[in-house]
Amino acid sequence: MTLDRNWLKRFRCNLRRWYEAHARDLPWRRSSDAYHVWLSEIMLQQTTVTAVVPYFERFIARFPTVDDLAAASEEDVLLFWEGLGYYSRARNIHKTAQTLVARYNSRLPEEVDKLEQLPGIGRYTAGAIASIAFEARAPIVEANTLRLYSRLLGYRGDPRSREGQTLLWDFAGRILPRKRSGQFNQALMELGSRVCTPSEPDCPHCPVRSCCTALAENAQHSIPLPKSRPKVTYTTEASIAVRKNGAYLLRRCGSDERWSGMWDFPRFRLDELAPPTTQKHAANNGHRLKAMAKKTRCRLEESVLAATGVETSVNALVTEIEHSVTRYRIRLLCYGAVHTAGSLQPNRELSWVSPDEFRNLPLSVTGRKFADLLVGSSSELFE
Ligand code: SF4
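Residues numbered from 1 in each chain as written. Predicted model: local features only at pLDDT ≥ 70, side-chain atom pairs only at ≥ 80, totals over all residues. Heavy atoms only, no water.

With respect to the environment of I330
Then step 1. Relative to the assigned elements, I330 resides in strand β6 (residues 328–341).
Then step 2. Judged by its relative accessible area of 2%, I330 is buried.
Then step 3. With 25 residues separating them along the chain, I330 and L305 place their C-alpha atoms 24 Å apart.
Then step 4. What I330 contacts, discounting residues up to four positions off in sequence, is T235, E237, R258, R267, I321, E322, H323 and V325. (Helix = DSSP H or I, 4+ residues; strand = E, 2+ residues; numbered from the N terminus. Buried < 20%, exposed > 50% of the residue type's maximum accessible area, 1.4 Å probe, protein only. Contact = heavy atoms within 4.5 Å.)

Below, the structure written as structure tokens:
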């Protein structure tokens, strides 16, 4: 496809006009503050605008400046990120804030190459920050623009391959105007997310339809090539709420674990154990684990002892939660147990936490669901 002057002029002009009329009023667009641009770009990775808005507003209210973020504990940052997922993003922004304070006078650098050296900032995010916050002529390719560019070009190859990436980044650089490139990049992303959508592109109302090869070839539904999906893995795990004097045992997840830095009830893989023969959501009526295989119960109690140092009696299935993390589909059986003997092992991040304190700790997504269920629950459930 040749990008002649007329094509470029028509494309830029139609896109700008459409964006000026249709741009959403989003909290991070109300200024070009680099800190806001950076946070919003990180939060929007793998996450919808609707989900991000309330998180962004709460986060900015709690950490109004780079210095505030750098001075906070990682636990506090994770607490304000809880529920947004992909928690390495939160840990990275915390590390980056500390780097900005130490090396850049609490400011984000303006150059793409310097931005790319910061934790959690890749080529796309660096281009977005540089163009939106600093008006640098920096191109972008992310999920929405990858789809949009592929269709505009009528590119039938794999846009995620080396060849596809080279083509799309080159295209992104060529269509970018010299002035107001930040607004132009935002317009491209907005068009990709709201008009040139994955399964139902609204071609009749698209402002750049006269520039689109895929539409001309009636190929908008087959371009781009779909992403190959990783094989789904099914697994069963157990989460144990051990109760002692009205408080529950929580542990902080290690750096090599899912939900690193967050708190959770002691949790174990159950795949290799005999499955309990209990019913889903049985606990609210005081269901006991009479039918629970003795072997399973013993293994759970042994596992808690080995991981924490306390002896327990695992007594009730409180609930069952199904959830997904990346390629894993997890069936989580949540048990109630009582402490019977022993003290917490030293040098482990373990703590007895009262239900009133659950809100002050960042919990794993399933940990929060389980904790909410336990607040105000009867102690009989555990006996
Ligand atoms: Fe996407 Fe259709 Fe617009 Fe082409 S015409 S860019 S396929 S919405």
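Remarks on the site of the ligand
Then step 1. Lining the immediate environment of the ligand, one finds L148, R151, V195, C196, P201, C203, C206, R209, C212, L215 and Q220.
Then step 2. Of the residues contributing to the shell around the ligand, the split by class is eight nonpolar, one polar and two charged. (Near = heavy atom within 4 Å. Nonpolar A, V, L, I, M, F, W, Y, C, P; charged D, E, K, R; others polar.)

Describing the domain arrangement of the protein
Then step 1. What the domain assignment reports for the protein is domain 1 (5–216) and domain 2 (233–382).
Then step 2. Taking only C-alpha atoms into account, the centre of domain 1 sits 39 Å from that of domain 2.
Then step 3. Listed as interface residues are seven residues of domain 1 and, on the opposing side, 12 residues of domain 2.
Then step 4. Carbon and sulfur atoms make up 56% of the surface buried where domain 1 meets domain 2, a total of about 840 Å² over both sides. (Domains from an automatic or database assignment. Buried area = accessible area lost by both parts, 1.4 Å probe.)

So, the side chain of E190
Then step 1. Tracing the backbone shows E190 in helix α11 (residues 181–194).
Then step 2. In this structure the side chain of E190 is engaged in a polar contact, spanning 3.0 Å, whose partner is the side chain of R24.
Then step 3. Among residues more than four places away in sequence, those in contact with E190 are W18, Y19, H22, A23, R24, R29 and V195. (Polar contact = N/O pair within 3.5 Å; in protein donor to acceptor, adjacent residues only side chain to side chain.)

Some thoughts on the packing of helix α8 (residues 123–134) against α11
Then step 1. Relative orientation of the contacting elements α8 and α11 amounts to 130°, with a least axis distance of 7 Å. In terms of axis orientation, α8 runs oblique to α11. Where α8 crosses over α11, the two elements pack in a sense that is left-handed. Across the interface between the two elements, Y124, G127, S131 and I132 from α8 touch S181, G182, N185, Q186 and M189 from α11. (Axes fitted to C-alpha atoms, helices over the stretch in contact; angles between N-to-C directions. Parallel < 35°, antiparallel > 145°, perpendicular 65-115°, else oblique. Left-handed = near helix turned anticlockwise from the far one by under 90°.)

Some details on the pattern of salt bridges
Then step 1. Applying the stated criterion to the full structure yields 21 salt bridges.
Then step 2. A salt bridge links E82 to R368, with the shortest nitrogen-to-oxygen separation between them at 2.6 Å. Here the residue E82 occupies a position in the loop between α5 (74–81) and α6 (88–103), and R368 occupies one in helix α14 (residues 365–374), the gap between them amounting to 286 residues. Here E82 and R368 have matching classes, each one buried.
Then step 3. One salt-bridge network, held together by shared partners, links R24, R29, E190 and R194. (Salt bridge = Lys/Arg side-chain N within 4 Å of Asp/Glu carboxyl O.)

Quick notes on the packing of aromatic side chains
Then step 1. The tally for this structure, following the rule as stated, stands at 12 aromatic pairs.
Then step 2. Summarising the aromatic geometry, the rings of Y248 and F358 are spaced 6.0 Å apart at their centres and angled 40° between planes, so their arrangement reads as tilted. On the criterion of sequence distance, the pair formed by Y248 in strand β2 (residues 247–252) and F358 in the loop between β7 (350–353) and α14 is long-range, its members being 110 residues apart.
Then step 3. Classification of Y248 by relative accessible area gives buried; the value is 0%.
Then step 4. Among the aromatic residues, those joined into a ring-pair cluster are W7, F11, Y149, F171 and F184.
Then step 5. It is R123 that lies over the ring of W169; its NZ or CZ is 3.9 Å from the centre. (Phe/Tyr/Trp six-rings, centres within 6.5 Å; stacked < 30°, edge-to-face > 60°. Lys NZ or Arg CZ within 6 Å of the ring centre and 35° of its normal.)

So, helix α10 (residues 162–175)
Then step 1. With 14 residues, α10 extends 20 Å from end C-alpha to end C-alpha; this agrees with the ideal 20 Å at 1.5 Å per step.
Then step 2. Listed in full, the buried residues belonging to α10 are G164, L168, W169, F171, A172 and I175. Mapping the buried residues of α10 onto a view down its axis gives an arc of 160°, with all of them on the same face. Across α10 from its buried face, at more than 90 degrees, point the exposed residues R162, E163 and T166.
Then step 3. Here the buried face of α10 lies against α1 (5–22), α8, α9 (143–153) and α11. (Expected span 1.5 Å × (residues − 1). Arc of directions from axis to C-beta.)

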